[in-house]
Amino acid sequence: MLPGPRTLAWLLLRRPSDLDEKDHVLLNQLDERSVELVSARRLSHQFLRLVRERRGRELDEWVAEVRQTGPPELRGFSRN
């Protein structure tokens, strides 16, 4: 059974170190089903690192990568 959108967003945005074993297993199973999800998770973590570590100078590079390889939802987010 797939998690709902809210649960999935929570899983994608949490630091891997904050997830329990069950969450890691679920994410690995979802990664096997969707290359787009793998990309969304990687790009989301990169963005969160930019924010947490105040690396604004790298934002343009992140936006360019999202526009080339990101899923539609992140491309829309990157335009704003």
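Calculation rules
- Residues numbered from 1 in each chain as written.
- Predicted model: local features only at pLDDT ≥ 70, side-chain atom pairs only at ≥ 80, totals over all residues.
- Heavy atoms only, no water.
- Helix = DSSP H or I, 4+ residues; strand = E, 2+ residues; numbered from the N terminus.
- Buried < 20%, exposed > 50% of the residue type's maximum accessible area, 1.4 Å probe, protein only.
- Contact = heavy atoms within 4.5 Å.

A. Region of the structure containing the environment of Ala9. Summarising the element assignment, Ala9 is placed in helix α1 (residues 5–13). Each C-alpha atom of the pair Ala9 and Pro71 lies 14 Å from the other, and the pair is 62 residues apart in sequence.

B. Summary view of helix α5 (residues 72–79). Burial in α5 covers these residues: Leu74, Gly76 and Ser78. Packing partners of the buried residues in α5 comprise α3 (35–52) and α4 (59–69).

C. Region of interest: the environment of Asn28. With respect to the helices, strands and loops of the structure, Asn28 is situated in helix α2 (residues 21–33). On the accessibility criterion, Asn28 (44% relative accessible area) is partly exposed. Residues Asn28 and Leu12 lie 16 residues apart in sequence; the distance between their C-alpha atoms is 12 Å.

In short, shape yes, function no, at least from these values alone.
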